[in-house]
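The primary structure of each chain is shown beneath.
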Amino acid sequence: SARALALLALASAAGATPTRAPTPSPTVASGLEWWLESLTFTLPDQSFEVGDGAAAFKVGLTHVECGGMSLGGIASAFEPPASLALGFQDARLKCTGHVSYKQESFPHLAGHTDLTAKVKGTSLDLTLALGREGGGADAPPVASLPVCALDVGAVSLDFDGGLTSQLLDLFSAPIEKLLV
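Keep in mind that this is a model prediction, so the values were computed, not measured.

Engineer: I'd like to hear about the side chain of Ser38, residue by residue, with values.
Structural biologist: Tracing the sequence through the fold places Ser38 in helix H2 (residues 31-38). Separated by 2.8 Å, the side chain of Ser38 and the backbone oxygen of Trp34 make a polar contact.

What follows is the structure, given as structure tokens:
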């Protein structure tokens, strides 16, 4: 359906790469629900720095795979002359991957752990506008997103793997608050 294609386009635009084709599930009635539930995609590896000075850490997120998506509701509308408005409510998604960290200065703390992140109660509103640059019939086609609003409802993080995971679990609540 057009809605399912829009979600795949959003994931692709965010740099995600689908990793497997969905397989049928007899427990999900709706085709879109089944498609979203069975879709998995891999996010590109990321690295970034957190903190500054002696408290600076280089953090890496690798092998992140997401799936099990569900939506509480979808709304769509055509807005003349050529815009499509989409709204997604109560989106849920689960991602798993690997986290590594390394402190750049003394005492050079380093470690790694597995991560499971769950997002729920999230909404996305966007409008895709199509037209021609300058409005002329011979002008090149253009697309824009004049409206793109994301509201992340709740994030839960679970770290798994040795002492590092136990330490990170102590700080998961403050980290989760930073993500919403």
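Engineer: Can you explain unusual backbone geometry? Please cite residues and give values.
Structural biologist: With omega at 15 degrees, the peptide bond leading from Phe106 into Pro107 counts as cis. Positionally, Pro107 belongs in the loop between strand E6 (83-103) and strand E7 (110-132). For His108, which is not glycine, the phi dihedral falls at a positive 60 degrees. Residue His108 is classed as partly exposed on the basis of its relative accessible area of 47%.

Engineer: Tell me about the nonpolar core, and name the residues and values.
Structural biologist: Leu36, Phe41, Cys66, Leu71 and Phe88 are the most contacted members of the largest nonpolar core, which has 14 residues in total. Elements with a contribution of two residues or more to this core: H2, strand E4 (57-70), E6 and E7. Here this core gets four residues from one element, more than from any other, and that element is E6. If you look at the next biggest cluster of nonpolar residues, it comprises eight residues, including Val59, Ala117, Val155 and Phe159.

Engineer: An account of the state of the cysteines is requested, with residue identities and associated values reported.
Structural biologist: Taken as a whole and judged by the stated rule, the model has one disulfide. Shown here is the disulfide that connects Cys66 with Cys95, its sulfur atoms set 2.0 Å apart. Across the S-S bond of Cys66 and Cys95 the torsion is about 105 degrees, and the bridge reads as right-handed. Of this pair, Cys66 sits in strand E4 while Cys95 sits in strand E6, placing them 29 residues apart in sequence. Cys95 gets classed as buried once you look at its relative accessible area, which sits at 15%.

Engineer: Requested: an account of the environment of Ser123, with residues and values cited.
Structural biologist: Take Ser123: it is sitting in strand E7. Since its relative accessible area comes to 21%, Ser123 is described here as partly exposed. Not counting residues up to four positions away in its chain, the partners in contact with Ser123 are Phe88, Gln89, Ala149, Leu150 and Asp151.

Engineer: I'd like a rundown of the confidence of the model for the chain, residues and numbers included.
Structural biologist: Per-residue pLDDT for the chain averages 80, and the proportion of residues at 70 or more is 83%. Strand E2 (residues 40-42) holds the highest mean pLDDT among the elements of the chain, 94, whereas helix H1 (residues 2-13) holds the lowest, 44. Under a pLDDT of 50 for its full length, residues 1-10 has, in the predicted model, 16 contacts with residues more than four places off or in other chains.

Engineer: Explain the pairing of strand E3 (residues 46-50) to me, using residue names and the numbers behind them.
Structural biologist: In this sheet, E4 lies alongside E3 in antiparallel orientation, the contact comprising five bridges. Across the sheet, the residue bridging to Phe48 is Val59, located in E4. Hairpin remark: E3 followed by E4, antiparallel, with six residues in the connecting loop; positive phi at Gly51, about 80 degrees.

Reading guide: rules and limits
- Residues numbered from 1 in each chain as written.
- Predicted model: local features only at pLDDT ≥ 70, side-chain atom pairs only at ≥ 80, totals over all residues.
- Heavy atoms only, no water.
- Helix = DSSP H or I, 4+ residues; strand = E, 2+ residues; numbered from the N terminus.
- Polar contact = N/O pair within 3.5 Å; in protein donor to acceptor, adjacent residues only side chain to side chain.
- Buried < 20%, exposed > 50% of the residue type's maximum accessible area, 1.4 Å probe, protein only.
- Core = buried A, V, L, I, M, F, W, Y, C linked by side-chain atoms within 4.5 Å.
- Disulfide = S-S within 2.5 Å.
- Contact = heavy atoms within 4.5 Å.
- pLDDT = per-residue confidence, 0-100.
- Pairing = 2+ DSSP bridges.

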